[in-house]
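In case you want the letters, here they are:
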Amino acid sequence: MRLQLSKRLKTIADMTTPGRVTADIGCDHGLVSVYLLQGGIAPFVYAMDIGKGPLEAAEKNIREALSAEDRGKIELRISDGFKALSPGETEAAIIAGMGGQLIISILTEGLHNSVISPGYELVLSPQSDVPMVRTYLRENGFETIDEEMLSEDGKYYNIIKTVFRGNAVGGDDISHENDATETDEKHTGIIMADLYDRYGRILLEKKSPVLREYLEKEVEKKEKLFCSLSKKTTEGSINRLVSLRSEIELAASALNYFG
């Protein structure tokens, strides 16, 4: 039986590099795990979830959808993130359907336990705090190599493909002629890092039409809120106006990528 995935789950699965033993973290009903095997994308999958219930549902789908041969290429494990994995067991992981802060804690645990080592690939789809996830990746030795953004059932989803390189990004090893030049370049670097962390460098370079739609809606929504708050004079509303203006300017800068 060929399983039908939602557009979001199919995009996540298709972003996985073929040929890698893959962990499906928080596998839920195991649909992505089954798809990886049916499509010949992964030679072996560890389908893992923190709860027994989701794994029972995954086992049912695996039994119904996969041949006996392919059922032998998937292992179900109860696991809190990477905790049930040993270093070297997997070469890639999918982490989707959970908040950004939880994803960050799972990645931190994977790094601490050396499950994530140089060359390890991850496909991430945070449900919230996407800029926070991008910042974490940038500051902890990950290289983002692809991104997609899609709209499904009225919601926007970001999907990030990243590889752990093992060398923390950061610092400034560029020679500068004078302090003024150094200050200007650092300021520009901070602005660009904020822009890329919030909206995704690759999405901007791709001129993602979904990102453009999202940005246009964000600018419109924030400008309406700005106009509404500008009629108030409380300290809280004034502070919010300042932050709103910065947010509008950043979104407008992102829209400049689209010409």
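Rules of the game
- Residues numbered from 1 in each chain as written.
- Predicted model: local features only at pLDDT ≥ 70, side-chain atom pairs only at ≥ 80, totals over all residues.
- Heavy atoms only, no water.
- Helix = DSSP H or I, 4+ residues; strand = E, 2+ residues; numbered from the N terminus.
- Contact = heavy atoms within 4.5 Å.
- Areas by Shrake-Rupley, 256 points an atom, 1.4 Å probe, with all protein chains shown as cover.
- Lys, Arg positive; Asp, Glu negative; His and termini not counted.
- Charge placed at Lys NZ, Arg CZ, Asp CG, Glu CD.
- Salt bridge = Lys/Arg side-chain N within 4 Å of Asp/Glu carboxyl O.
- Buried < 20%, exposed > 50% of the residue type's maximum accessible area, 1.4 Å probe, protein only.

Enquirer: What am I meant to see in the overall build of the chain here?
Expert: Check the secondary structure of the chain and you find 10 helices and seven strands. The principal-axis extents of the C-alpha atoms in the chain amount to approximately 65 × 45 × 35 Å. Once local pairs closer than 6 in sequence are excluded, the contacts in the chain between residues at least 24 apart make up 69%. With an accessible surface of roughly 13400 Å², the chain has 50% of that area assigned to carbon and sulfur atoms. In the chain, which carries 31 positive and 41 negative side-chain charges, the distance between the mean positions of the two groups comes to 6 Å.

Enquirer: Could you clarify how one ought to interpret the pattern of salt bridges in this entry?
Expert: Overall, the coordinates contain 20 salt bridges when judged by the stated rule. In this structure, K222 engages E247 in a salt bridge whose closest nitrogen and oxygen atoms are separated by 2.9 Å. A residue pair is termed long-range when its members are at least 10 positions apart, and K222 in helix α9 (residues 209-229) and E247 in helix α10 (residues 235-255) qualify at 25 residues. The buried category is assigned to K222, whose relative accessible area is 14%. When salt bridges with common partners are traced through the structure, they connect E218, K221, K222, R240 and E247 into a single cluster.

Enquirer: Please clarify how the side chain of N61 should be interpreted in this entry.
Expert: Structurally, N61 is set in helix α3 (residues 52-65). Not counting residues up to four positions away in its chain, the partners in contact with N61 are H29, L31 and V34.

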